[in-house]
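Reading the structure
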Amino acid sequence: MNRNGYSDAELLNALKADDELAFKELYDRYWHKMYGIALRKLGRKEVAEELAQELFVMLWQKRATLRIINLNAFLQVSLKNLSIDYIRHHIQEEHYLDSLKQYFPLS
């Protein structure tokens, strides 16, 4: 059964009841937008795809406990947090590689 006529609130209620079609509809509605936001912020297609996917995996995994009033705002804030975590991890990785280069210089 198609869920494209449902509101976000109706889809979220169905999602809490493990409705996979509701999840698919939310994914279809918001994935491209979240991908676009991540791409503009991070500038890398692969990373933007990964973060958008991770966002929806999190939505599915936490569906029973989430208390969402505004889905669009929730997704954008969650994506922002995922992006910050990605950047923070990437910076730490770069610092580590730079410090390795000091001890093991390339000939």
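Residues numbered from 1 in each chain as written. Predicted model: local features only at pLDDT ≥ 70, side-chain atom pairs only at ≥ 80, totals over all residues. Heavy atoms only, no water.

1. Quick look at the overall build of the protein
Within the protein, the secondary structure is distributed over four helices and zero strands. Along the protein, helices and strands appear, N-terminal first, in the series α-α-α-α. A total of 107 residues make up the protein; the buried ones form 33% of that total. Taking the contacts inside the protein whose residues are at least 6 apart along the sequence as the reference set, 52% of them involve residues at least 24 apart. (Helix = DSSP H or I, 4+ residues; strand = E, 2+ residues; numbered from the N terminus. Buried < 20%, exposed > 50% of the residue type's maximum accessible area, 1.4 Å probe, protein only. Contact = heavy atoms within 4.5 Å.)

2. A few points about the nonpolar core
One finds Met34, Leu55 and Phe56 to be the most contacted residues of the largest nonpolar core, which totals 28 residues. Taken together, the elements giving at least two residues each to this core come down to helix 1 (8–16), helix 2 (20–42), helix 3 (45–61) and helix 4 (71–103). Among the elements that take part in this core, helix 2 stands out by supplying 10 residues, more than any other. Not counting the four nearest positions on each side in its chain, Phe56 is found in contact with Phe23, Leu26, Tyr27, Tyr30, Trp31, Met34 and Leu75. (Core = buried A, V, L, I, M, F, W, Y, C linked by side-chain atoms within 4.5 Å.)

3. Remarks on the packing of helix 2 against helix 3
The geometry of helix 2 relative to helix 3 is characterised by a closest axis approach of 8 Å and an angle of 145 degrees between their N-to-C directions. In this structure, helix 2 meets helix 3 at a crossing whose hand is right-handed. Contacts between helix 2 and helix 3 involve Glu20, Phe23, Leu26, Tyr27, Tyr30, Trp31, Met34, Tyr35, Ala38, Leu39 and Leu42 from the first element and Lys45, Val47, Ala48, Glu49, Leu51, Ala52, Gln53, Leu55, Phe56, Leu59 and Trp60 from the second. For the contact of helix 2 with helix 3, the per-class residue count stands at 18 nonpolar, one polar and three charged. (Axes fitted to C-alpha atoms, helices over the stretch in contact; angles between N-to-C directions. Left-handed = near helix turned anticlockwise from the far one by under 90°. Nonpolar A, V, L, I, M, F, W, Y, C, P; charged D, E, K, R; others polar.)

4. Notes on the side chain of Arg63
If you trace the backbone, Arg63 turns up in the loop between helix 3 and helix 4. One polar contact links the side chain of Arg63 to the main-chain carbonyl oxygen of Trp60, over a distance of 2.5 Å. Excluding residues within four positions of it along the chain, Arg63 makes contact with Leu15, Lys16 and Asp18. (Polar contact = N/O pair within 3.5 Å; in protein donor to acceptor, adjacent residues only side chain to side chain.)

By themselves these figures say nothing about function.
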